[in-house]
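A structural walkthrough
Chain residues, written in single-letter form:
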Amino acid sequence: LVCSLRADPGDIVKGYKDQPWGASTETVQKAFPDSDLRTSSGGAAALTVKGQAPAVHTVYSFAMDQLYFVRVTLELPMRPEGGKDSDGKKMIEEMIKEKYYPDEDAKKLLDSAKVYVHVAQGQNGTVIVMYENMRLFREVQAAQKLAEQERDEKRRAEQGPKRQQA
């Protein structure tokens, strides 16, 4: 596994690798022309990019066309074919800690930006690393809620006079 442990924790505050938080689906898709885009109602979208081991696939998640979450599935060498890779998870957790949380200042920087990195067990011996920008996600949620309220108010205003005419 090749991974640079010397990193500026501030880099993840800006985005994941070359993709800034808040980037549009179109922008990220241009960087990965062979990706698979899936959209759902409510402005959610997921762009799946297949990769080479150890990072076998990466899913970029969007809300209202803004990148806010990245999920990377890792298949590490020497992983168990079935079940969980506890040793691999521990190793990745240590790498993430060294890379993004090396000291109190880095922890405060990420916490104040509401950018978090989590490690979890995947299926078939995979390890999942999740990068999320919760500040952006909450801003997008608030904007969606406001847009819904405005649509509802507009609908009520349009229906109001019609009811009185009846």
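Now for a description of the structure that goes with this document. Only a predicted model underlies this, so the values are computations on that prediction, with no experimental measurement involved.

On to the pattern of salt bridges. Counting across every chain of the model gives 7 salt bridges. Note that Glu 26 and Lys 30 form a salt bridge whose closest N and O atoms lie 3.6 Å from each other. Of this pair, Glu 26 and Lys 30 both sit in helix 2 (residues 25–31), separated by 4 residues, roughly a single helical turn. The exposure classification of Glu 26 matches that of Lys 30, with both residues exposed. Ionic pairing is found between Asp 36 and Arg 38, a salt bridge with its closest N-O pair at 3.0 Å.

This part takes up helix 3 (residues 86–100). Under the 1.5 Å per step criterion, the end-to-end length of helix 3 is 21 Å for 15 residues, consistent within 8% with the ideal 21 Å. Turning to helix 3, its buried residues number three or more, namely Gly 88, Ile 92, Met 95, Ile 96, Lys 99 and Tyr 100. For helix 3, the arc enclosing every buried residue in end-on projection is 100°, short of the 170-degree limit, so these residues lie on one face. Exposed residues pointing more than 90 degrees away from the buried face of helix 3 are listed as Asp 87 and Lys 90.

Within strand 5 (residues 55–63), 7 of the 9 residues are buried, which leaves it mostly tucked inside the rest of the structure. Across 7 bridges, strand 4 (residues 44–50) lies against strand 5 in antiparallel orientation. The partner of Ala 45 across the bridge, within strand 5, is Phe 62. The loop that links strand 4 with its antiparallel partner strand 5 comprises 4 residues. With 8 bridges joining them, strand 5 and strand 6 (residues 66–74) adopt antiparallel strand pairing.

Attention now goes to unusual backbone geometry. The linkage connecting Ala 53 with the following residue, Pro 54, adopts the cis geometry, with an omega of 10°. For Pro 54, the location among the structural elements is in the loop between strand 4 and strand 5. If you check the backbone angles, Lys 114 has positive phi at about 60° while not being a glycine. Under the relative-accessibility criterion, Lys 114 is labelled partly exposed at 27%.

A word on the sheet that holds strand 7 (residues 115–121). Ordered by their spatial adjacency, 6 strands build an open sheet running 3-4-5-6-8-7, and the pairing between neighbours is antiparallel. Both outer strands of the open sheet, strand 3 (36–40) and strand 7, are each paired with one neighbouring strand and no more. Pairs of neighbouring strands in the sheet enclose a mean axial angle of 15°, with direction left out of account. Here strand 3 runs beside strand 4; their pairing, made up of 5 bridges, is antiparallel. When the bridges of strand 4 are listed, Ser 40 appears paired with Ala 44. Across the sheet, helix 3 is in contact with strand 6, strand 7 and strand 8 (127–133); its angle to strand 7 comes to roughly 165°.

Parameters at a glance
- Residues numbered from 1 in each chain as written.
- Predicted model: local features only at pLDDT ≥ 70, side-chain atom pairs only at ≥ 80, totals over all residues.
- Heavy atoms only, no water.
- Salt bridge = Lys/Arg side-chain N within 4 Å of Asp/Glu carboxyl O.
- Helix = DSSP H or I, 4+ residues; strand = E, 2+ residues; numbered from the N terminus.
- Buried < 20%, exposed > 50% of the residue type's maximum accessible area, 1.4 Å probe, protein only.
- Expected span 1.5 Å × (residues − 1).
- Arc of directions from axis to C-beta.
- Pairing = 2+ DSSP bridges.
- Axes fitted to C-alpha atoms, helices over the stretch in contact; angles between N-to-C directions.
- Contact = heavy atoms within 4.5 Å.

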